[in-house]
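# Analysis of the macromolecular model
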Amino acid sequence: MNLLVLREYLAEKLAPILLKKETLGIAQALTLGITTHLDTSLWDLFRRTGTTHLMVISGSHIVLIAGLIYWLVLRLWSCSSRLCLKFPAMQMASITSFIVAVIYTLLAGFGVPAQRSLIACVFVLLPHFLSQRFTVWQSWRYALLAVVIYEPHTVLQSGFYLSFIAVAILISVSRRIPYKGIRQVILLQLACLFGLMPFTLFWFSYGAINGLLANLVAIPIVGYVLVPLSLLALIVAQFSTTLWLAIPLTLSIDGLLTFLNWVNGFSGINLVLSLTTILSMFALMLILFILIFIPLRALFPAIFILLISVCYPSYPRVKENEAQIDVVDVGQGLAMVIRTANHTLIYDTGVKFYQGGDMAQMAIIPYLTTLGIHSIDKIVISHPDLDHRGGLQSLEEKYPQTELVVDNVNFYHRGENCHQYPEWHWDGVSFRFL
């Protein structure tokens, strides 16, 4: 059976048992990497609280399950001296945990974080069969090399860098802090939050400061409660239509969402800043490096200048009597940004998805943010197909003082008709409809 078909089949088994949409969506996401039942409001909540990484099958989930299976098999196998004489308990536990990790990784869709964790598990477990020992950094480097060799195109994905850099930060910081327990956990979360901040601002123009509090509670709940319960629910659902696990799973998810909604109340402290160039990202990384490793007073003026350059970036400008036309990649459909020296026009707005998201939210608005555009003058919709008008509502909500020009006013019940629209001039450039 095709792996994708199998994952869909397993997901359908959960649907009639986990009736609540949020419970079903999160359970499918944590067990199979299927997110079709997570609507945009939930994704927005996870984004604003910095917990999006917990709702996809990440490396931490795979390592957690592999470690749990390893510990369980080791304890049970060690209870029998006869079994230990035939096959060492550590080797049996290693084989079993590796098999479970492989199955979980395949069911997850074999994404980059899952690949990284699976390969790391191999290097952690190999010493039980070989005389060779691997350090933590060796495992990290070999995992990086293996992922690049297996799927070279992953270097074009932001998740590839975020996953490996996050692990590198955790390894580096854990070796330098003398604390244990809750203080160690808090410092590790702080290190990840600020260590990844330049990258999240560069790629997503958003930094969730409140994610520190959210992750301190959400990580153990997801890792030690939701993931095991969801996997048990997935297994039991294949044999029974009445699932007693649905009640504790639903209550746990409701509790987590209630907490995240409370944390979301502090989203005002989050950073909404677009790093327009990779140099800005490196500048912010340099600031953090100096503050952490070389905190000398003599360097504070340089830090201040770098910080000002990051907070007030320069944006590309169009010259007078010129126009720049950018075609935005929105997949199916069309979207174009047409700029003159002081004006902006959006021609078509991409597709709208059935769950409520659209390409204006995902591509057009982020692109306008990187250009430093805070208002647009006109939106032109060529025709009312959904893949051309799908992002119109999101754009009008983001930029309310915008003139709408369409081909059929009766369809939209607003706007100006492009067939009778007069010629206009912006910054020495003439526009007219053919």
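Remember, predicted model here, so these are calculated numbers, not experimental data.

Rules used in this analysis
Residues numbered from 1 in each chain as written. Predicted model: local features only at pLDDT ≥ 70, side-chain atom pairs only at ≥ 80, totals over all residues. Heavy atoms only, no water. Core = buried A, V, L, I, M, F, W, Y, C linked by side-chain atoms within 4.5 Å. Buried < 20%, exposed > 50% of the residue type's maximum accessible area, 1.4 Å probe, protein only. Helix = DSSP H or I, 4+ residues; strand = E, 2+ residues; numbered from the N terminus. Contact = heavy atoms within 4.5 Å. Pairing = 2+ DSSP bridges. Axes fitted to C-alpha atoms, helices over the stretch in contact; angles between N-to-C directions. Expected span 1.5 Å × (residues − 1). Parallel < 35°, antiparallel > 145°, perpendicular 65-115°, else oblique. Nonpolar A, V, L, I, M, F, W, Y, C, P; charged D, E, K, R; others polar. Phe/Tyr/Trp six-rings, centres within 6.5 Å; stacked < 30°, edge-to-face > 60°. Lys NZ or Arg CZ within 6 Å of the ring centre and 35° of its normal. Polar contact = N/O pair within 3.5 Å; in protein donor to acceptor, adjacent residues only side chain to side chain. Salt bridge = Lys/Arg side-chain N within 4 Å of Asp/Glu carboxyl O. Patch = residues over 30% accessible without salt bridge, like charges linked within 9 Å, V, L, I, M, F, W, Y side chains within 5 Å. Areas by Shrake-Rupley, 256 points an atom, 1.4 Å probe, with all protein chains shown as cover.

### A word on the nonpolar core
Counting 49 residues, the largest nonpolar core has Leu-18, Ile-26, Val-222 and Leu-249 as its most contacted members. A per-element tally of this core places helix 11 (residues 211-237) first, with ten residues. Excluding residues within four positions of it along the chain, Val-222 makes contact with Leu-30, Leu-54, Met-55, His-61, Val-227, Pro-228 and Leu-256. The next biggest cluster of nonpolar side chains, apart from the first, holds 23 residues, and it includes Val-337, Leu-371, Tyr-399 and Tyr-412.

### Let's talk about the sheet that holds strand 3 (residues 344-349)
In space, the six strands of this open sheet follow the order 1-2-3-4-5-6, with mixed pairing throughout. The open sheet has two edge strands with one neighbour each: strand 1 (324-327) and strand 6 (416-417). Bridge analysis of strand 1 against strand 2 (residues 335-339) gives four bridges, and the strand direction is antiparallel. Across the sheet, residue Ile-325 finds its bridge partner in strand 2, namely Ile-338. In the packing of helix 15 (residues 359-370) onto the sheet, the strands contacted are strand 1, strand 2 and strand 3, and the crossing angle to strand 3 comes to about 160°.

### So, helix 2 (residues 21-32)
Along an α-helix, a turn takes 3.6 residues, which lines up residues three or four apart on a common side. Over its twelve residues, helix 2 runs 16 Å from end to end, which matches the ideal 16 Å to within 8%, given 1.5 Å per residue. For helix 2, the set of buried residues is Thr-23, Leu-24, Gly-25, Ile-26, Ala-27, Gln-28, Ala-29, Leu-30, Thr-31 and Leu-32. Positioned one or two residues after helix 2, Gly-33 has a phi angle of 70°, which is positive.

### Focus on the environment of Phe-129
Residue placement: Phe-129 occurs in the loop between helix 7 (112-125) and helix 8 (136-150). On the basis of relative accessible area, Phe-129 is assigned to the partly exposed category, the value being 37%. Sequence-wise, Phe-129 and Ser-94 are 35 residues apart; in three dimensions their C-alpha atoms are separated by 9.1 Å. Not counting residues within four places of it along the chain, the set of residues in contact with Phe-129 comprises Gln-91, Ser-94 and Ile-95.

### Overview of the packing of helix 1 (residues 3-14) against helix 11
Contact pair helix 1 / helix 11: the axes reach a minimum separation of 9 Å and the direction vectors enclose 95°. One element, helix 1, and the other, helix 11, form an angle in the roughly perpendicular class. For the pair formed by helix 1 and helix 11, the contact residues are Leu-10, Lys-13 and Leu-14 on the first element and Ala-233, Leu-234 and Ala-237 on the second. Among the residues forming the contact of helix 1 with helix 11, the class breakdown is five nonpolar, no polar and one charged.

### So, the packing of aromatic side chains
Going through the model one piece at a time under the given rule, you end up with 17 aromatic pairs. Where Tyr-421 meets Trp-424, the ring centres are 5.4 Å apart and the plane angle is 90°; that geometry is what we call edge-to-face. The pair formed by Tyr-421 and Trp-424 is uniform in burial state, with each residue classed as buried. Taking the ring centre of Trp-424 as reference, the NZ or CZ of Lys-378 above it sits at 5.0 Å.

### Quick word on the side chain of Ser-97
Looking at the secondary structure, you find Ser-97 in helix 6 (residues 89-107). A polar contact of 3.0 Å, which involves the side chain of Ser-97, links it to the backbone oxygen of Ser-94. Residue contacts for Ser-97: discarding those within four places in its chain leaves Ala-66, Ile-69, Tyr-70 and Leu-125.

### Thoughts on unusual backbone geometry
For Asn-321, which is not a glycine, the phi torsion comes out positive at approximately 70°. Looking at the element boundaries, Asn-321 is found in the loop between helix 14 (300-311) and strand 1. Phi is positive for Asp-348, close to 65°, though the residue is something other than glycine. Along the chain, Asp-348 turns up in strand 3.

### Considerations on the side chain of Ser-230
Along the polypeptide, Ser-230 turns up in helix 11. Using a relative accessible area of 1% as the deciding quantity, one classes Ser-230 as buried. What Ser-230 contacts, discounting residues up to four positions off in sequence, is Ala-27, Leu-30, Thr-31 and Leu-249.

### Notes on the pairing of strand 5 (residues 403-406)
Bridging between strand 4 (residues 378-381) and strand 5 involves four bridges; their strand directions are parallel. When the bridges of strand 5 are listed, Lys-378 appears paired with Glu-403.

### Here we look at the pattern of salt bridges
Under the criterion given, the structure shown has three salt bridges. Between Lys-20 and Asp-254 there is a salt bridge, with the nearest N and O atoms lying 2.9 Å from each other. Here Asp-254 lies in helix 12 (residues 246-264) and Lys-20 lies in the loop between helix 1 and helix 2, a separation of 234 residues in the sequence.

### With respect to a nonpolar patch on the surface
Among the surface-exposed residues, Leu-286, Phe-289, Leu-291, Ile-292, Phe-293, Ile-294, Leu-296 and Phe-300 lie close enough to one another that they form a single nonpolar patch of about 750 Å² accessible area. In terms of residue count, the dominant contributor to the nonpolar patch is helix 13 (residues 278-293) (five residues). Looking at the secondary structure, you find Phe-300 in helix 14. Phe-300 sits in the partly exposed class, given a relative accessible area of 39%.

Everything listed here is a matter of geometry and, on its own, says nothing about what the molecule does.
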